[in-house]
Amino acid sequence: RVTAFSSLRRSRRISPSTTREETTMEHEDETLTSCVLVEPRVEGGGNISEAGLHFIAKHKYKPSEYTHLDNLLNPVWTWLTELLPVWLAPNMVTTLGGLHCGIAYAVLWWYSPDFNVVTPDWTVALAGWCIIAYYTLDCMDGKQARRTGSSSPLGQLFDHGFDCLCVQFFVANSASYAMLGGTYWFVALQTSLQLAFFMAQWEEYNTHILPHCAGKWCGVTEVNYAMGLVSIFNAFIDRDLFYSRPMKEVLAPLNEFGFSLDSLPPLVLNSELRQFLMCGWIAMSLTLMALSVRRVMVHDNIAGPKLTFSEVWRRRFLALSKLITPLALCIAAFSISPEKVRPRYITVPLGLCFSVITKKMIVFSMAKQTFGIIQLDALPFLLTAAWIALDDNISNASADFSLRILCVWYIFRLLRWASITINQICRKLDIYCFRLKKRKDE
């Protein structure tokens, strides 16, 4: 099973009967040679071109190195996988992990719809457990695929597709126990997390290698399990008191070690702990995104030694241009005043829109297909955000209603796009999505 959080999954080989025309298609890598403002319509309908389906059929996932914790827990994940029934499809394992996030998200929504009240302790503990369960199952699905001999490139779409949606849950979880609702800190949390996730897929699109760690000590395994444990820890503290403390109170014990707090700027000392932690998170996210850009800009696909100077800068421009739409979404989210709309009505359409374009990036990376600079799926959110931000006469109720309409639209768009894409891949690979039995030739 192809996944950023588990072992390498082998893709199915193309049949020996591959024609000469199909072999030619294998050399048409549009990720590096094509740049369009809007993606062209696929002939015959669907989301993936015929050439893209051939690339997907022979796709092989190339992860970066694994961390020490990955290697330590790998035997545990293998042992847990052996407990699963052999008839259980790998995509069902992925789905079960995603359902954990969905259940916890719904509970947090019920008790804290606007991320501004203290939720019951058990809801925070449940969220922590669901993060751990989700990630553990995420690491088991690839092993189940190899165990049942059902590995296929469809796993990457399914696995990372659920990851896109679960990012929404991570945002809701952190915002709930830190009570960031109604502030720009909440917008910063969501945009930084979703942009960082998009850029990881963007890096794979350009380099064909998906990063999931920064060195041997810090990667997605450490981050996911840490988020789960931190959430469980929050179930045992007074969260309102803990996160609202000023930093001068938090740092006061340093005076006993001879450190003078007077050397720190008043902006730091007077900020709340939640604000200070958010600054740290934003700084870390920006660092990771900057490293991602650097790796892409110096990669051989973009700046190889055999490429001319002009070709290198052309490819760099093509790569960076793919970030215009997600950056525009982040700017649009900040343009909406938190006082005008409820936080839920910002986070849901923004998260679903990011999920759609990120899924497209994942699939088009596998298919080596052109990803347009302008993503038309983002236009409804961008236009609605501009209207709410610029129209001083719009009421809060009207703004909320327009964003609710966007929620419905993006749910439909996401399900429609995913179903068409999955059906195309299943037909090409002659497999089922949730069953191990192969399709019979019709």
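Below, the structure is looked at part by part. All of these numbers come straight from a predicted model, not from anything done at the bench.

### Quick look at the overall build of the protein
When helices and strands are counted, the protein shows 19 helices and 0 strands. Its C-alpha atoms give the protein principal-axis dimensions of roughly 75 × 55 × 45 Å. Long-range pairs, those at least 24 residues apart, make up 84% of the contacts in the protein between residues at least 6 apart in sequence. Carbon together with sulfur atoms contributes 65% to the accessible area of the protein, which is approximately 20,800 Å² in total.

### Thoughts on the packing of aromatic side chains
Enumeration over the complete set of coordinates arrives at 18 aromatic pairs. Members of the aromatic cluster, connected to one another through ring pairs, are Tyr 177, Phe 233, Phe 242 and Tyr 243.

### Quick word on the pattern of salt bridges
This model, assessed by the stated rule, comprises 10 salt bridges. Close ionic contact of Arg 314 with Glu 311 constitutes a salt bridge, the shortest N to O distance being 3.0 Å. Of this pair, Arg 314 and Glu 311 are both found in helix 15 (residues 309-321), 3 residues apart, which corresponds to roughly one turn of the helix. Taking the relative accessible area as the measure of exposure, Arg 314 reaches 33% and is therefore partly exposed. Judged by relative accessible area, which is 19%, Glu 311 ranks as buried. The salt bridge partner of Asp 377 is Lys 360, with a shortest N-O separation of 3.7 Å. With Asp 377 in the loop between helix 17 (343-367) and helix 18 (379-390) and Lys 360 in helix 17, this residue pair connects regions lying 17 residues apart in the sequence.

### What to know about the packing of helix 5 (residues 90-111) against helix 7 (residues 154-178)
As a packed pair, helix 5 and helix 7 sit with axes 9 Å apart at the nearest point and diverge in direction by 20°. Considered as vectors, helix 5 and helix 7 are oriented roughly parallel to each other. Note on packing geometry: the crossing formed by helix 5 with helix 7 is left-handed. Contact residues: Asn 91, Thr 94, Thr 95, Gly 98, Cys 101, Ala 104, Tyr 105 and Leu 108 in helix 5; Leu 154, Gly 155, Phe 158, Asp 159, Phe 162, Cys 166, Gln 168, Phe 169, Ala 172, Asn 173 and Ser 176 in helix 7. Of the residues belonging to the contact of helix 5 with helix 7, the class tally is 10 nonpolar, 8 polar and 1 charged.

### A few points about a nonpolar patch on the surface
Taken together, the side chains of Leu 37, Val 38, Ile 374, Leu 376, Leu 379 and Leu 383 present a nonpolar region at the surface, about 530 Å² in accessible area. Leu 383 gets classed as exposed once you look at its relative accessible area, which sits at 60%.

### Overview of helix 13 (residues 273-298)
Compared with an ideal rise of 1.5 Å per residue, which puts 26 residues at 38 Å, helix 13 spans 38 Å between its outermost C-alpha atoms and is within 8% of the ideal. Regarding helix 13, the residues found buried are Leu 273, Arg 274, Met 278, Ser 285, Met 289, Ser 292, Val 296 and Met 297. Here the buried face of helix 13 lies against helix 7, helix 8 (184-207), helix 10 (239-244), helix 11 (247-250), helix 14 (300-303) and helix 15.

### Details of the packing of helix 7 against helix 19 (residues 396-429)
The geometry of helix 7 relative to helix 19 is characterised by a closest axis approach of 10 Å and an angle of 165° between their N-to-C directions. One way to sum up the angle between helix 7 and helix 19 is to call them roughly antiparallel. For the element pair helix 7 and helix 19, the recorded crossing hand is left-handed. Within the contact between the two elements, helix 7 uses Leu 154, Leu 157, Phe 158 and Leu 165 and helix 19 uses Leu 414, Thr 421, Ile 422, Ile 425, Cys 426 and Leu 429. A breakdown of the residues in the contact of helix 7 with helix 19 according to their chemical character gives 9 nonpolar, 1 polar and no charged.

### So, the side chain of Ser 365
Of note, Ser 365 is situated in helix 17. Contact partners of Ser 365, with chain neighbours within four places excluded, come to Glu 204 and Tyr 205.

### What about the environment of His 299?
Take His 299: it is sitting in the loop between helix 13 and helix 14. By relative accessible area, His 299 is classed as partly exposed at 22%. Each C-alpha atom, one on His 299 and one on Ser 335, is 35 Å from the other, the two residues being 36 residues apart in sequence. Those residues in contact with His 299 that sit more than four places away from it in its chain are Thr 207, Ile 209 and Gly 304. At 3.0 Å, the side chain of His 299 forms a polar contact with the backbone nitrogen of Asn 301.

Procedures and definitions
Residues numbered from 1 in each chain as written. Predicted model: local features only at pLDDT ≥ 70, side-chain atom pairs only at ≥ 80, totals over all residues. Heavy atoms only, no water. Helix = DSSP H or I, 4+ residues; strand = E, 2+ residues; numbered from the N terminus. Contact = heavy atoms within 4.5 Å. Areas by Shrake-Rupley, 256 points an atom, 1.4 Å probe, with all protein chains shown as cover. Phe/Tyr/Trp six-rings, centres within 6.5 Å; stacked < 30°, edge-to-face > 60°. Salt bridge = Lys/Arg side-chain N within 4 Å of Asp/Glu carboxyl O. Buried < 20%, exposed > 50% of the residue type's maximum accessible area, 1.4 Å probe, protein only. Axes fitted to C-alpha atoms, helices over the stretch in contact; angles between N-to-C directions. Parallel < 35°, antiparallel > 145°, perpendicular 65-115°, else oblique. Left-handed = near helix turned anticlockwise from the far one by under 90°. Nonpolar A, V, L, I, M, F, W, Y, C, P; charged D, E, K, R; others polar. Patch = residues over 30% accessible without salt bridge, like charges linked within 9 Å, V, L, I, M, F, W, Y side chains within 5 Å. Expected span 1.5 Å × (residues − 1). Polar contact = N/O pair within 3.5 Å; in protein donor to acceptor, adjacent residues only side chain to side chain.

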